[in-house]
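Residue-level structure breakdown
Spelled out, the chains give:
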Amino acid sequence: MTSFLPTVLVAGGAGFIGSHLCETLLARGHRVICLDSFLSGRRENVLPLTNHPSFRLIEGDVTDPVDIPGPLDQIYNLACAASPPQYQADPVHTMRTNVIGCGNLLELAQAKGARFLQASTSEVYGDPLAHPQTEDYWGNVNCTGPRACYDEGKRAAETLCFDYLRTGAIDVRVARIFNTYGPNMRPDDGRIISNLICQALQDQPMTLYGDGTQTRSFCYVSDLVEGLIALMEVPAAPEGAVNLGNPGEFSVLELAGLIRQMVPGSLKPVFCPLPQDDPRRRQPDITLARQLLRWQPHVPLKQGLRATIDWFAVHQGVHAPRIAQTEIKEMRS
Ligand code: NAD
């Protein structure tokens, strides 16, 4: 039962999305406990929150048994590195985080009678054969490839969530998040928007993989956080997962072109081989979120990019990844 001032656990709360979620929940008067191992999250992300009287930070790994004293009304599980270089660095730990970590938090939710929201991902659709992706599409995932620790781990976590939901043990909601961007991303985490912006700001050529015609849909982080909270707050748990993302679809070339326009003097992109199992197209169908949650994103890509570029211009302390010359296939204008 949600009290007037809910106490909320945000696992993975020091990460990119989690830190914005913690900040927004605090602004709404919630008590927030952030549990994070700092595997891919940054202390700087939550530093501004540490003086808030309703904020508590616990350093811990969700693959260990999780014990939080006192009542809990809601648990958001965002704990899992989200960028390929980070989740592939220790794939066994990534898989354990997704399955054992999610299981530990579900047990905690059951013990506390807390509502549970799982941050799943559009990666459960793999390299999709259906376009745009609706929630009833079962996906096209390589279960033995280098991305499987993340994709299949998230699929297994969804299975666990719905098993707990079906037993009636917990009120569980699952968000399938599509590419999200904004301030508090790590400059060195290898995600497309942070990579391209940091390269442009540091007078390096932007690195594009493949021929740049693959598409992605980009959601600004404040829109996504509103969607996560709407899914947590909706009175009846939806029967299945709910897509959250921005349906605007852009090719990687178009994205690079926009960033070049917004960062004066940025260099021509260079092209590198496409990573294994990289999806060709990604676009959420958010009909369900519109209907169930009355939610849709509002921030246009240009406006979100402006805010993100301005943030990186002030905060980037780490150099953008430099590309090996041998990797460069072709220079194009
Ligand atoms: P992030 O890497 O910035 O945040 C993940 C946080 O989880 C980090 O603070 C990290 O330290 C923490 N963490 C990782 N493993 C942990 C463990 N075993 N125990 C405790 N803490 C752990 O990533 P993000 O972009 O903020 O993503 C947050 C969640 O949303 C992830 O679960 C991710 O799969 C999901 N998601 C994100 C996107 C996106 O575009 N950003 C898209 C789809 C899904």
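As shown above, the structure is provided for reference.
Nothing here was measured: the structure is a model prediction, and the numbers come from that model.

Now for the site of the ligand. Taken together, 30 residues form the shell around the ligand, and within it Asp 36, Ser 40, Tyr 150, Lys 154 and Arg 191 come nearest. Between Leu 78 and the ligand, the recorded distance is 3.1 Å, taken from a backbone N or O atom to an oxygen atom. Lys 154 places a side-chain nitrogen or oxygen 2.8 Å from an oxygen atom of the ligand. A total of 820 Å² of accessible area belongs to the ligand in isolation, and the protein chains cover 97% of it. Broken down by secondary-structure element, the contributors of at least two residues to the shell around the ligand are helix 1 (16–27), helix 4 (91–112), strand 5 (115–121) and helix 5 (148–167). In terms of residues, the shell around the ligand owes the most to one element, strand 5, which gives three residues. Residues of the shell around the ligand, tallied by class, amount to 14 nonpolar, twelve polar and four charged.

To continue, consider the pattern of salt bridges. Scanning all chains against the criterion turns up 14 salt bridges. Between Arg 155 and Glu 152 there is a salt bridge; the shortest N-O distance is 3.5 Å. On the criterion of helical spacing, the pair formed by Arg 155 and Glu 152 is a turn pair, its members being three residues apart in helix 5. The partly exposed category is assigned to Arg 155, whose relative accessible area is 26%. Put simply, Glu 158 and Arg 176 hold a salt bridge, and the shortest N to O gap is 2.7 Å. In this pair, Glu 158 is assigned in helix 5 and Arg 176 in strand 6 (residues 172–177), connecting sequence segments 18 residues apart. With respect to burial, Glu 158 and Arg 176 carry one shared label: buried. One salt-bridge network, held together by shared partners, links Arg 115, Asp 171 and Arg 173.

As a further point, take the packing of aromatic side chains. All told, the structure shown has five aromatic pairs when counted by the stated rule. Between the aromatic rings of Tyr 181 and Tyr 220, the centroid separation amounts to 5.5 Å while the plane-to-plane angle is 65 degrees, which identifies the pairing as edge-to-face. You can see Tyr 181 sitting in strand 7 (residues 180–181) and its partner Tyr 220 sitting in strand 10 (residues 219–220), a full 39 residues away along the chain. Neither Tyr 181 nor Tyr 220 differs from the other in exposure class; each is buried.

Pairing is parallel in the open sheet, where seven strands are placed in the order 3-2-1-4-5-6-11. The sheet is open, and its two edges are formed by strand 3 (55–59) and strand 11 (242–244), each paired on a single side. Recorded for the sheet is a direction-independent mean angle of 20 degrees between the axes of neighbouring strands. With six bridges joining them, strand 5 and strand 6 adopt parallel strand pairing. The residue of strand 6 that forms the bridge with Gln 118 is Val 174. Relative to strand 1 (residues 7–11), helix 1 is tilted by about 170 degrees, and along the sheet it contacts strand 1, strand 2 (31–36), strand 3, strand 4 (74–77) and strand 6.

Turning our eyes to something else, we now look at the pairing of strand 6. Of all six residues making up strand 6, six are buried, and the element is well covered by its neighbours. Judged by which residues are buried, strand 6 turns out to be covered on both faces: Val 172, Val 174 and Arg 176 on one side and Arg 173, Ala 175 and Ile 177 on the other are all buried.

Next up on the list: the nonpolar core. Counting residues in each nonpolar core, the largest one holds 61 residues, and the members touching the most others are Ile 17, Tyr 76, Leu 228, Ile 259 and Leu 305. When near neighbours in sequence (up to four residues on either side) are disregarded, Ile 17 contacts Leu 78, Ile 177, Thr 180, Val 221, Leu 224, Val 225 and Leu 228. Within the second largest apolar cluster, 25 residues are counted, among which are Val 62, Leu 105, Ala 114 and Ile 170.

This part covers the environment of Gln 316. Along the chain, Gln 316 turns up in the loop between helix 10 (301–315) and strand 14 (330–331). Linking Gln 316 and Arg 186, residues 130 residues apart in sequence, is a C-alpha distance of 8.3 Å. Setting aside its immediate chain neighbours within four residues, Gln 316 contacts Pro 187, Cys 198, Leu 201 and Gln 202.

Calculation rules
- Residues numbered from 1 in each chain as written.
- Predicted model: local features only at pLDDT ≥ 70, side-chain atom pairs only at ≥ 80, totals over all residues.
- Heavy atoms only, no water.
- Near = heavy atom within 4 Å.
- Polar contact = N/O pair within 3.5 Å; in protein donor to acceptor, adjacent residues only side chain to side chain.
- Areas by Shrake-Rupley, 256 points an atom, 1.4 Å probe, with all protein chains shown as cover.
- Helix = DSSP H or I, 4+ residues; strand = E, 2+ residues; numbered from the N terminus.
- Nonpolar A, V, L, I, M, F, W, Y, C, P; charged D, E, K, R; others polar.
- Salt bridge = Lys/Arg side-chain N within 4 Å of Asp/Glu carboxyl O.
- Buried < 20%, exposed > 50% of the residue type's maximum accessible area, 1.4 Å probe, protein only.
- Phe/Tyr/Trp six-rings, centres within 6.5 Å; stacked < 30°, edge-to-face > 60°.
- Pairing = 2+ DSSP bridges.
- Axes fitted to C-alpha atoms, helices over the stretch in contact; angles between N-to-C directions.
- Contact = heavy atoms within 4.5 Å.
- Core = buried A, V, L, I, M, F, W, Y, C linked by side-chain atoms within 4.5 Å.

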